[in-house]
Amino acid sequence: METDDQNAAPSISSTLAGNYFISNYPPFSFWSEDQNVEAELALNSDPDPEAKLGIYHHIPFCRKRCHFCYFRVYTDKNAKDIKNYLAATIAELKSIAERPLINGRKPHFVYFGGGTPSYLSENQLRELTDEMKAVLPWDEAEEVAFECEPGTLTPGKLAAVKAMGVTRLSLGIENFDDHILEINGRAHRSAEVFGAYERARAENFDQINIDLIAGMLEETEENWQRNIEQTIKLRPDSVTIYQMEIPYNTTIYKEMKAEGKLVAPVADWKTKRRWVKEAFAALESAGYSIASGYTAVLNPERTKFIYRDALWSGADLVGLGVASFSHAAGVHYQNMTEIDDYLAAITEGRLPLKRAFRTSEEERMIREFILQMKVGVVDLDYFEQKFRVDVAGRFADQVRALETEGLLNVSDGKVRLSRDGLLCVDNMLQGFFLPRHRTARIV
Ligand code: SF4
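Only a predicted model underlies this, so the values are computations on that prediction, with no experimental measurement involved.

Caption draft 1: Up close: the packing of aromatic side chains. Tallied over the full model, the rule gives 26 aromatic pairs. Consider the rings of Tyr56 and Tyr111, whose centres lie 5.8 Å apart with planes at 20°: the pair is stacked. Residue Tyr56 is located in strand β1 (residues 53-59), and its partner Tyr111 is located in strand β2 (residues 109-114); the two are separated by 55 residues in the primary sequence. Residue class for Tyr56 comes out buried when judged on its relative accessible area of 13%. Plain terms: the ring middles of Phe61 and Tyr85 are 5.4 Å apart, the flat faces sit at 85° to each other, and that makes the pair edge-to-face. Pair noted here: Phe61 is in the loop between β1 and α2 (79-97) and Tyr85 is in helix α2, with a separation of 24 residues, a long-range link. Each member of the pair Phe61 and Tyr85 is classed as buried. Pairwise contacts between aromatic rings join Phe369, Tyr382, Phe383, Phe387, Phe395 and Phe432 into one cluster. Over the aromatic face of Trp269 sits the side chain of Lys272, whose NZ or CZ is 3.4 Å from the ring centroid. The positively charged end of Lys374 is found above the aromatic ring belonging to Phe21, 3.9 Å away from the centroid.

Caption draft 2: Representation of the packing of helix α7 (residues 221-234) against helix α9 (residues 269-285) in the model. With their axes 10 Å apart at the nearest point, α7 and α9 run at an angle of 30° to one another. The angle between α7 and α9 places the two elements in the roughly parallel class. As α7 runs across α9, the sense of the crossing is right-handed. Packed against α7, whose contacting residues are Glu221, Trp224, Gln225, Ile228 and Ile232, the element α9 presents Arg274, Trp275, Val276, Glu278, Ala279, Ala282 and Leu283 at the interface.

Caption draft 3: Region of interest: the nonpolar core. Among the nonpolar cores identified, the biggest contains 121 residues, and Leu169, Phe369, Ile370 and Met373 are the most heavily contacted of them. Looking at which element gives the most residues to this core, the answer is α2, with 8 residues. Among all residues touching Ile370, those that are not within four sequence positions of it are Ile22, Tyr25, Leu429, Phe432 and Phe433. In this structure, Leu217, Tyr253, Met256 and Ala264 belong to the second largest nonpolar core, which totals 17 residues.

Caption draft 4: Fine view of the site of the ligand. What surrounds the ligand is the set Cys62, Lys64, Arg65, Cys66, Phe68, Cys69, Phe71, Val73, Gly115, Thr116 and Arg186. Its residues assigned to classes, the shell around the ligand comprises 6 nonpolar, 2 polar and 3 charged.

Caption draft 5: Summary view of the side chain of Thr89. Looking at the secondary structure, you find Thr89 in helix α2. Given the relative accessible area of 1%, Thr89 is considered buried. Apart from the residues lying within four places of it in its own chain, the contact partners of Thr89 are His57, Leu128, Leu320, Gly321 and Tyr342.

Parameters at a glance
Residues numbered from 1 in each chain as written. Predicted model: local features only at pLDDT ≥ 70, side-chain atom pairs only at ≥ 80, totals over all residues. Heavy atoms only, no water. Phe/Tyr/Trp six-rings, centres within 6.5 Å; stacked < 30°, edge-to-face > 60°. Helix = DSSP H or I, 4+ residues; strand = E, 2+ residues; numbered from the N terminus. Buried < 20%, exposed > 50% of the residue type's maximum accessible area, 1.4 Å probe, protein only. Lys NZ or Arg CZ within 6 Å of the ring centre and 35° of its normal. Axes fitted to C-alpha atoms, helices over the stretch in contact; angles between N-to-C directions. Parallel < 35°, antiparallel > 145°, perpendicular 65-115°, else oblique. Left-handed = near helix turned anticlockwise from the far one by under 90°. Contact = heavy atoms within 4.5 Å. Core = buried A, V, L, I, M, F, W, Y, C linked by side-chain atoms within 4.5 Å. Near = heavy atom within 4 Å. Nonpolar A, V, L, I, M, F, W, Y, C, P; charged D, E, K, R; others polar.

Encoded structure:
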């Protein structure tokens, strides 16, 4: 493994603090409170008949905070706090469902993320989802996805999750080694992983996904190879592998700062990329196909990522709960990021808005283009039809430079990323941003 000397000057491949993963455009740092009125206007507008609708529900509770976590999570809330929070999210959903943009539409996909959705009890899950369905029925949803922490998945809970209508169960395993799980602050251990996986299989979910992270604290060559072997042995329907990043609000960064270190104590980017490359190659040999810069799937015909694909082609997304992100009729917005502020806004009957951004048509085109690049193949005709833009021509300079580096090519009406291009896709996307968005820190 190539690691940096923590006290030496950073190299080009060093893992420094900050966000690497690009999940939206324009970057969040451009969204502002001044534009909150745009979110109100968007929700009061008529829907685009072509746009799909999705619901994201944020469950901000976890058993323990992982050292690399940068999400809004709480580890100190009791049953009453959780009940109040869930009731607030239902009130939020009711208020949004009455707005002209949403009224009468049915969700195409539903996503429970966090935090840890599986932290909720069986009763809490049943009540929450019954109430959500009473407001916006899910009977036409093609996907209901649910993120889990393996240590929270009792047999009864898995049955309750299945009964909710979940089609894709995503297990946040991250690593199979108990020491690495412990040193990174994860709440679960490998015995819980294997138990949860077996029980989830017995419940016959349409799709079981395993999440792994390449480059956790103290990851080694040998251990990473064991992770790959173990994953292939379990044979999940899909595998998602993230390369470890160290954003500023993580415990790891706080320790780096206190010790005056610039370089994070994890493998460098070159090593993390090689690890994912090796994992992808091993998964391909075991019958998997690579479906994006982060995912491998066993059966591409059967295993789809409805949430991802809809969102990356401009779907409306209603994000419920603290700190959640929404996209409504071309307007991005984020909810308040502190639970007390969020609850107060809901109690007062206000939308719990923190910041918003109205996108232009050009920004929406760039957003979809860069997000679809993450899949590895971009259909040029889609952009001609939807935005009347020849994206290969519009981005000719960037495309030529990346072609020269062997990271992508354009042929048969498609931009295709090479494997090396796919593994560093987040790195290349800033080059497609409008100049005014390029200098900003990606947060
Ligand atoms: S389980 Fe996920 S959301 Fe919860 S603390 Fe760990 S990384 Fe964060």
